[in-house]
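# Descriptive analysis of the structure
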Amino acid sequence: MTIHTQNRLFSYLRWLPNALTLSRAILALTAFMFAMQNRWDSALWFLLAALVTDFLDGLAAKKLQAITSFGEQFDALTDSFVVIIGMLSLGFTGHLSWWAVLAILAAGFAVGSDRFFKQPVWKGRALLAVACLFIAWIGIVWYYASLAFGWSWLYVILTIFVLAGCALFKRHRIAAWTK
């Protein structure tokens, strides 16, 4: 493939990162609908698929040179949407009390609000917001998994391996957050 053909292909595919981000919202809503029917196994798989798209949209945006301000905001909003949907599903089905749901969502908003308003309070806040987002995602996935298949310490081991693998691909971002 020539450079010119490759550049045309890349420019044609610049919609892909935002499409992946949109698919994350759709997959999260689908997981929510399965959770409302107490079909936790299906809800878990759709939630995991939604979380995979978070990795893929960033990778696609970087490789296709399609990083935009809209895409960054849309990604941040959709990341939060997945947590909100997950927490609401646990609240609506009675698996988590509403005071806990509201407290977790309020804390998440307080920590992650600068992603939307561009007003960082302290330098390390972006790293804290991402850490809280990942902790929330992990907690929701583990809760869904325990409702679907029962609790297993294997979830912890799998989570460590998945996070370590993702960290290898995101070394540049982790380095930027810790500076």
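The coordinates are above.
Residues numbered from 1 in each chain as written. Predicted model: local features only at pLDDT ≥ 70, side-chain atom pairs only at ≥ 80, totals over all residues. Heavy atoms only, no water.

Now for the overall build of the protein. Tallying secondary structure elements over the protein gives 9 helices and 0 strands in all. Listed N to C, the secondary structure of the protein is α-α-α-α-α-α-α-α-α in terms of helices and strands. A burial count over the protein gives 34% of its 179 residues as buried. Across the protein, every contact between residues at least 6 apart in sequence was considered, and the portion connecting residues at least 24 apart equals 69%. (Helix = DSSP H or I, 4+ residues; strand = E, 2+ residues; numbered from the N terminus. Buried < 20%, exposed > 50% of the residue type's maximum accessible area, 1.4 Å probe, protein only. Contact = heavy atoms within 4.5 Å.)

So, on to the pattern of salt bridges. Counted by the stated rule, this structure contains 4 salt bridges. Note that Arg24 and Asp75 form a salt bridge whose closest N and O atoms lie 2.4 Å from each other. Taken together, the residues span a long stretch of sequence, with Arg24 in helix 2 (residues 16-36) and Asp75 in helix 4 (residues 69-92) at a distance of 51 residues. When sorted by exposure, Arg24 lands in the same class as Asp75, which is buried. Where Arg24 meets Asp79, a salt bridge forms, and the shortest distance between an N and an O atom there is 3.3 Å. Highlighted residues: Arg24 in helix 2 and Asp79 in helix 4, separated in sequence by 55 residues. Beyond isolated ion pairs, a larger network of salt bridges with shared partners links Arg24, Asp54, Asp57, Asp75 and Asp79. (Salt bridge = Lys/Arg side-chain N within 4 Å of Asp/Glu carboxyl O.)

Turning next to the environment of Phe81. Checked against the element boundaries, Phe81 lands in helix 4. Taking the C-alpha atoms as reference, Phe81 lies 9.2 Å from Leu29; in sequence the two are 52 residues apart. Contacts of Phe81, omitting those with residues within four sequence positions, involve Ala25, Ala28 and Leu29.

Our next topic: the packing of aromatic side chains. The way to describe two aromatic rings as a pair is by their centre distance and the angle between their planes. This structure, assessed with the given rule, holds 9 aromatic pairs. Relative to Phe92, the ring of Phe32 has its centre 6.2 Å away and its plane inclined at 75°; by these criteria the two rings are edge-to-face. Taken together, the residues Phe32 in helix 2 and Phe92 in helix 4 connect sequence positions 60 residues apart. Relative accessible area serves as the criterion here: at 53%, Phe92 is assigned to the exposed category. On the numbers, 5.4 Å between centres and 65° between planes, the contact of Phe134 with Trp137 is edge-to-face. With Phe134 and Trp137 both in helix 7 (residues 125-149) and 3 residues apart, the pair spans about one turn of that helix. (Phe/Tyr/Trp six-rings, centres within 6.5 Å; stacked < 30°, edge-to-face > 60°.)

Let's shift gears to a nonpolar patch on the surface. On the surface, a nonpolar cluster with roughly 410 Å² of combined accessible area is contributed by Met36, Phe92, Trp98 and Leu102. Tracing the backbone through its elements, the reader meets Leu102 in helix 5 (residues 98-112). (Patch = residues over 30% accessible without salt bridge, like charges linked within 9 Å, V, L, I, M, F, W, Y side chains within 5 Å. Areas by Shrake-Rupley, 256 points an atom, 1.4 Å probe, with all protein chains shown as cover.)

It is worth spelling out unusual backbone geometry at this point. Although it is not a glycine, Asn38 sits at a positive phi angle of roughly 60°. Relative to the elements of secondary structure, Asn38 occurs in the loop between helix 2 and helix 3 (40-63). Within the chain, Gln65 stands out as a residue other than glycine whose phi angle is a positive 55°. By relative accessible area, Gln65 is classed as exposed at 59%.

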